[in-house]
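Residue-level structural notes
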There are 4 protein chains.
Amino acid sequence: MTGPSAGTRTFSWQDPTPTWQAGATMSGLEIWQAIAAGALPAPPIGELMGFRIPEVEAGRVVFAADAAPWLLNPIGTIHGGAIATLLDSCVGCAIHTLLPLGAGYTTLELKVNFIRGVTADGGELRAEGKVIHVGGTVAVAEGRLTDPAGRLLAHATTTCLILKPRE
Amino acid sequence: MTGPSAGTRTFSWQDPTPTWQAGATMSGLEIWQAIAAGALPAPPIGELMGFRIPEVEAGRVVFAADAAPWLLNPIGTIHGGAIATLLDSCVGCAIHTLLPLGAGYTTLELKVNFIRGVTADGGELRAEGKVIHVGGTVAVAEGRLTDPAGRLLAHATTTCLILKPRE
Amino acid sequence: MTGPSAGTRTFSWQDPTPTWQAGATMSGLEIWQAIAAGALPAPPIGELMGFRIPEVEAGRVVFAADAAPWLLNPIGTIHGGAIATLLDSCVGCAIHTLLPLGAGYTTLELKVNFIRGVTADGGELRAEGKVIHVGGTVAVAEGRLTDPAGRLLAHATTTCLILKPRE
Amino acid sequence: MTGPSAGTRTFSWQDPTPTWQAGATMSGLEIWQAIAAGALPAPPIGELMGFRIPEVEAGRVVFAADAAPWLLNPIGTIHGGAIATLLDSCVGCAIHTLLPLGAGYTTLELKVNFIRGVTADGGELRAEGKVIHVGGTVAVAEGRLTDPAGRLLAHATTTCLILKPRE
């Protein structure tokens, strides 16, 4: 992880069906706590991107990933899509942790401001999602991506539609 | 690619430095045509995500990817981050194809509207980026993600800062 | 309308209640056609801003306004808020024209890209809203603001929540 | 201001040229403090909308306005454009207060999330803009619109381009 380089990587992912099915008996907060603890399968894209989930609490979730060389764009900085994926994950999950048992959500839109470029030796990136508002139908959250020095790298806001509990 | 499943995947990527260095002698259009033709290294994140670049012309670039099981979120649909990565790629590259020799750009922000959920048997996703405006300092582009039936899955707009030629 | 100047202006507005009540018997398309024809009260903010509605059809609405000196910010260009108001109007109304009798909508978010500055002698500004997608619950539209020469001044996208017919 | 009603209003505005010219000798913070104190002309659009500027400090500016009947849309709630104008004002000005003497800015984009509808008897609306990041070329800020009970009505983020001091 010292700048651009060629490489080969192998990763594995689990079938996420048990995590999806857990929605029938666990709240969003319980589901993400279980994923963070390894008790439920992580999302496949999390394995693809190399995500970790170091913190989960009601209304706030942190995703982390290394600024790895396979996340680079041609100019040798972390691709905006990788940043958007981290931020999309943390803001959506932050909302999910405040939803009651059986309720789900779908993301309507995500906006990301890219503030500082990140190189492949940038160490651990932390994306902290926090809820701005959860109503009966719509929720809004924001996310902040920081580097190990605490500098702000990117900022995001999202709008999610809350899907009512299955009856 | 028939819905959620467990799996293992190995991918390789090239050092993108030659692509970055090509900016000294090739325009953005020439660079992306060379990447699409395999004559310059694709961005590492493109190998990670399984991207192809079927079309490159002045002001318009198409990225494509299969709706693969490693791109799923827990509820069995393609993660918004994967969609954002496709759209971020096509809109930025569309702008790049209109910049003169030596000029570069950096993405200031990206907004994505997620319109239809995409499952892992959704076939090829195509992200078409088109320029809305290229000025002397700032450029704006939009992107549309469609499925094999031509249905709109997501829409994006981006603002990029144009970096002047190195003198 | 020849650049920054001091001034005094008086405007009047109608009670919009008849327009709101018309939603019980008229579709969104019929309502906006009636407003454009002067048969129903225009929104008060339209009188405030000096808006006209020259074109209304299914999925497409045009709002127009003069680049007047009372819309200026301190640097002598049309304030972004005035541009956002024109664009918010045209994109929301474009969606409304495709909704069935009795259905309404509420705007969840609006994003505006400001592309060219507009001065107070800029003539008529035209904001054309077009629908990108109308589903059962959510709709997305885009808007383009142009000057009399047809140059693009600003671009917007919006996400609206569709409110079901009153039963 | 007790719900939708018809009415007539007269307002006056000053030529903003002295405010624009003050940029040669005053910093952004000084300019907005002078506008708030009535020592420099307010922007014409502020008079149009009925804005006040109760608080100005480095990196944070508050705009306020009454939820007046001339700001309504047809359904009797404050038009999203009025909300966008308040938020666009506070976020841009918050950035301006951190710029050095002679530097200006132009707003590249604004995104607004509309969270709660506001009626015409909603009392004073307060839009608080705070800087998220100010760099050498680009700045990002956020804004929050609240009602007298402190409830969040809308949230915005903006990207501004910093214009270098005139030399």
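Going by the structure above, here's the rest.
In this report, the structure presented in the accompanying data block is examined. A quick note: this is a predicted structure, and the numbers were derived from the prediction, not measured. (Residues numbered from 1 in each chain as written. Chains lettered and ligands numbered in written order. Predicted model: local features only at pLDDT ≥ 70, side-chain atom pairs only at ≥ 80, totals over all residues. Heavy atoms only, no water.)

A closer look at helix α2 (residues 28–36) of chain D
Residue and element names in this part refer to chain D. When we look at burial in α2, the residues that qualify are Gly-28, Ile-31, Trp-32, Ala-34 and Ile-35. Buried residues in α2, looked at end-on, bunch into an arc of 155°, giving them a common side. In the core, the buried residues of α2 are packed alongside α1 (17–21), β2 (52–57), β3 (60–66) and α4 (80–96). (Buried < 20%, exposed > 50% of the residue type's maximum accessible area, 1.4 Å probe, protein only. Helix = DSSP H or I, 4+ residues; strand = E, 2+ residues; numbered from the N terminus. Arc of directions from axis to C-beta. Contact = heavy atoms within 4.5 Å.)

What about the environment of Thr159(D)?
Take Thr159(D): it is sitting in strand β7 (residues 152–163). The class of Thr159(D) is buried, set by a relative accessible area of 1%. For the pair Thr159(D) and Gly92(D), spaced 67 residues apart in the sequence, the C-alpha separation amounts to 8.7 Å. Discounting chain neighbours no more than four positions away, the residues touching Thr159(D) are Asn113(A), Leu108(B), Glu109(B), Thr106(D), Thr107(D), Leu108(D), Glu109(D), Val138(D) and Ala139(D). Side chain to side chain, Thr159(D) and Asn113(A) meet in a polar contact 2.6 Å long. (Polar contact = N/O pair within 3.5 Å; in protein donor to acceptor, adjacent residues only side chain to side chain.)

Side note on the packing of aromatic side chains
Taken as a whole and judged by the stated rule, the model has 18 aromatic pairs over all chains. Seen from their ring centres, Phe11(C) and Trp13(C) are 5.6 Å apart, and the 35° between their planes marks the pair as tilted. Classification of Phe11(C) as buried rests on a relative accessible area of 4%. For the pair Trp32(D) and Phe63(D), a centre-to-centre distance of 6.0 Å together with 65° between the ring planes defines the contact as edge-to-face. Of this pair, Trp32(D) sits in helix α2 while Phe63(D) sits in strand β3, and the two are 31 residues apart along the sequence. (Phe/Tyr/Trp six-rings, centres within 6.5 Å; stacked < 30°, edge-to-face > 60°.)

Some thoughts on the relation of the copies chain A and chain B
Both copies of the chain are tied together by a single rotation about an axis and a shift running along it. Relative to chain B, chain A is turned by 180° and slid 0.0 Å along the rotation axis, the superposed coordinates differing by an RMSD of 0.0 Å. What we have between these two chains is a two-fold relation. Of all interface residues in chain A, 100% are interface residues in chain B too; the two copies therefore contact each other through one and the same surface. (Least-squares fit on C-alpha atoms with pLDDT ≥ 70 in both.)

Details of the pattern of salt bridges
What the rule picks out here adds up to 38 salt bridges over all chains. Between Glu109(B) and Lys111(C) there is a salt bridge, and its shortest N-O distance comes to 2.8 Å. Of this pair, Glu109(B) sits in strand β4 (residues 104–114) while Lys111(C) sits in strand β4 (residues 104–114), which puts the two residues in different chains. The same class applies to Glu109(B) as to Lys111(C), namely buried. (Salt bridge = Lys/Arg side-chain N within 4 Å of Asp/Glu carboxyl O.)

As for the interface of chain D and chain B
Across the contact, six residues belong to chain D and six residues belong to chain B. Between chain D and chain B, the buried area comes to about 470 Å², and carbon and sulfur atoms account for 89% of it. When the buried surface of chain D facing chain B is broken down by residue, Leu108(D), Glu109(D) and Leu161(D) rank first, second and third, together holding 58% of it. Applying the counting rule to chain D against chain B returns zero residue pairs in polar contact (both at pLDDT 80 or more). (Buried area = accessible area lost by both parts, 1.4 Å probe.)

Brief notes about the sheet that holds strand β2 (residues 52–57) of chain B
Pairing in this open sheet of twelve strands is antiparallel, and the strands run β2(A)-β3(A)-β5(A)-β6(A)-β7(A)-β4(A)-β4(B)-β7(B)-β6(B)-β5(B)-β3(B)-β2(B) from one edge to the other. With partners counted over all chains shown, the strands left at the sheet margins are β2 (52–57) of chain A together with β2 of chain B, one partner each. Each neighbouring strand pair of the sheet contributes to a mean axis angle of 20°, computed without reference to strand direction. Summarising the sheet, strand β3 (residues 60–66) of chain A and strand β5 (residues 124–134) of chain A pair through seven bridges and their orientation is antiparallel. Looking across to β5(A), one finds that Phe63(A) is bridged to Ala127(A). (Pairing = 2+ DSSP bridges. Axes fitted to C-alpha atoms, helices over the stretch in contact; angles between N-to-C directions.)

Brief notes about helix α4 (residues 80–96) of chain C
Its 17 residues give α4(C) an end-to-end C-alpha distance of 24 Å, which sits within 8% of 24 Å, the value for a rise of 1.5 Å per residue. Most of α4(C) sits inside the fold, with 17 of its 17 residues counted as buried. (Expected span 1.5 Å × (residues − 1).)

Here's the deal with the environment of Ala67(B)
Note on placement: Ala67(B) falls in the loop between β3 (60–66) and α4 (80–96). Ala67(B) sits 27 residues away from Ala94(B) along the chain, and the two C-alpha atoms are 22 Å apart.

Some remarks on the sheet that holds strand β2 (residues 52–57) of chain C
Ordered by their spatial adjacency, twelve strands build an open sheet running β2(C)-β3(C)-β5(C)-β6(C)-β7(C)-β4(C)-β4(D)-β7(D)-β6(D)-β5(D)-β3(D)-β2(D), and the pairing between neighbours is antiparallel. The strands lining the two open edges of the sheet, one partner per strand, are β2 of chain C together with β2 of chain D. On average, each strand axis in the sheet is inclined to that of its neighbour by 20°, with strand direction left out of account. Bridge analysis of β4(C) against strand β7 (residues 152–163) of chain C gives ten bridges, and the strand direction is antiparallel. Bridging from a neighbouring strand, Phe114(C) pairs with Ala154(C) of β7(C).

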